[in-house]
Amino acid sequence: MPGILAKKLGMTQLFLEDGTVARVTVLEAGPCPITAVRTGERDGYEAVQLAFGQSREKRMTRAELGHLKKAGAPPLRRLVEFRSDGAAAEAKVGESVTVDAFEVGATVKVSGTSKGKGFQGTIKRHKFGRGPASHGSHNVRAPGSIGASAYPARLFKGIRGPGQMGNVRVTQRGLQVVSVDASRNLLLVRGSVPGPRGGVVEVRSDG
């Protein structure tokens, strides 16, 4: 299976057999029912659609409920397609993907929406250095010169300035699976993953 959907529960540390400490992120992964299979002959690409996240029926449309009902799945709020080459032929609608699809030591990449920081200045957003804070300086946290007035008398596109920070899609690659707990649907990944606690992430094999 190319991937699975998971909910980020938080971070902790895990003592390994050799006595070292691994800082891990705990992910509640699946089980994710397969709700659709895309094929190259019919759809032009190969992918497997997974569903995740319990929801109440009144919060979903009849079209969404009908689509899930065809696959024999309960009301689930999130549908994500995982592109794959060859894996779509083995997948069947109605089956479920669990953490058993991953092995300890495997390398994965995790995609999610990063934490939103709101409107931030250049020091926090782009790691700019600040000006002197003494001797009458009026440029303590200002970005400094961003362009000349006479020529070109405008700002070039791409100038790093203040603005919305975070709340964008981020993919963290090269993460290692440290532990798999199939009884509790837990996946422990070394390092940090994007998003806040409770956020939904996509875990794919990074090979």
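Draft legend 1. How the structure looks around the overall build of the protein chain. Secondary structure summary: the protein chain contains 4 helices and 12 strands in total. In summary, the protein chain has a C-alpha radius of gyration of 23 Å against a globular reference of 17 Å for 207 residues, an excess of more than 25%. The principal-axis extents of the C-alpha atoms in the protein chain amount to approximately 70 × 50 × 35 Å. Buried residues in the protein chain amount to 34% of all 207 residues. Pairs at least 24 residues apart make up 71% of the contacts formed inside the protein chain by residues separated by at least 6 positions. Between the mean site of the 32 positive side-chain charges and the mean site of the 17 negative ones, the protein chain shows a separation of 16 Å.

Draft legend 2. How the structure looks around a positive patch on the surface. On the surface, Arg56, Lys58, Arg59, Arg77 and Arg78 cluster together to form a positively charged patch. Mapped onto the secondary structure, Arg59 falls in the loop between β4 (47-54) and α2 (62-70). Residue classification places Arg59 among the exposed residues on the basis of a relative accessible area of 59%.

Draft legend 3. Spatial organisation of the environment of Arg160. By secondary structure assignment, the location of Arg160 is in the loop between α4 (122-126) and β9 (163-166). Those residues in contact with Arg160 that lie beyond four places of it in its chain are Thr122, His126 and Phe128.

Draft legend 4. Focus on the nonpolar core. Formed by 26 residues in total, the largest nonpolar core has its most connected members in Leu27, Leu50, Val108, Leu187 and Val203. The residues touching Leu187, leaving out its near neighbours within four places in the chain, are Thr25, Val26, Leu27, Ala29, Val99, Phe102, Val177, Ser179, Val180 and Val203. With 6 residues, the next largest nonpolar core counts Ala22, Val24, Val26 and Leu186 among its residues.

Draft legend 5. Structural detail: the confidence of the model for the protein chain. Per-residue confidence for the protein chain averages 91 on the pLDDT scale, and 98% of its residues sit at or above 70. Confidence, expressed as mean pLDDT per element, reaches its minimum in the protein chain at helix α3 (residues 87-90) with 67 and its maximum at strand β8 (residues 116-120) with 97.

Draft legend 6. Structural context of the environment of Ser111. If you trace the backbone, Ser111 turns up in strand β7 (residues 107-113). Sequence separation between Ser111 and Thr98 is 13 residues, and the spatial gap between their C-alpha atoms is 18 Å. Those residues in contact with Ser111 that lie beyond four places of it in its chain are Arg169, Val170, Thr171, Val201, Glu202 and Arg204. Among the polar contacts made by the side chain of Ser111, one reaches the side chain of Thr171 at a distance of 2.9 Å.

Draft legend 7. The sheet that holds strand β1 (residues 3-15), seen in detail. On the basis of which strands lie adjacent, the closed barrel formed by 6 strands has the order β1-β2-β11-β10-β7-β12 and antiparallel pairing. For this sheet, the mean angle separating the axes of adjacent strands, direction not counted, is 50 degrees.

Draft legend 8. View of the sheet that holds strand β3 (residues 32-38). The 4 strands are arranged β5-β4-β3-β6 in an open sheet whose pairing can be described as antiparallel. In this open sheet, the two strands that pair with only one neighbour each are β5 (76-83) and β6 (96-97). Of the pairings in the sheet, the one linking β3 to β6 comprises 2 bridges and is antiparallel in character. Across the sheet, the residue bridging to Pro33 is Ser96, located in β6.

Draft legend 9. Fine view of the pattern of salt bridges. Here the structure, examined in full by the defined rule, presents 7 salt bridges. Linking Asp43 and Arg42 is a salt bridge whose minimum nitrogen-to-oxygen distance equals 3.2 Å. In this structure Asp43 comes out as partly exposed when scored by relative accessible area, which is 30%. Shared partners join several salt bridges into a network, and the residues in it are Arg169, Glu202 and Arg204.

Cut-off values and rules
- Residues numbered from 1 in each chain as written.
- Predicted model: local features only at pLDDT ≥ 70, side-chain atom pairs only at ≥ 80, totals over all residues.
- Heavy atoms only, no water.
- Helix = DSSP H or I, 4+ residues; strand = E, 2+ residues; numbered from the N terminus.
- Rg over C-alpha atoms; globule rule 2.2 N^0.38 Å.
- Buried < 20%, exposed > 50% of the residue type's maximum accessible area, 1.4 Å probe, protein only.
- Contact = heavy atoms within 4.5 Å.
- Lys, Arg positive; Asp, Glu negative; His and termini not counted.
- Charge placed at Lys NZ, Arg CZ, Asp CG, Glu CD.
- Patch = residues over 30% accessible without salt bridge, like charges linked within 9 Å, V, L, I, M, F, W, Y side chains within 5 Å.
- Areas by Shrake-Rupley, 256 points an atom, 1.4 Å probe, with all protein chains shown as cover.
- Salt bridge = Lys/Arg side-chain N within 4 Å of Asp/Glu carboxyl O.
- Core = buried A, V, L, I, M, F, W, Y, C linked by side-chain atoms within 4.5 Å.
- pLDDT = per-residue confidence, 0-100.
- Polar contact = N/O pair within 3.5 Å; in protein donor to acceptor, adjacent residues only side chain to side chain.
- Pairing = 2+ DSSP bridges.
- Axes fitted to C-alpha atoms, helices over the stretch in contact; angles between N-to-C directions.

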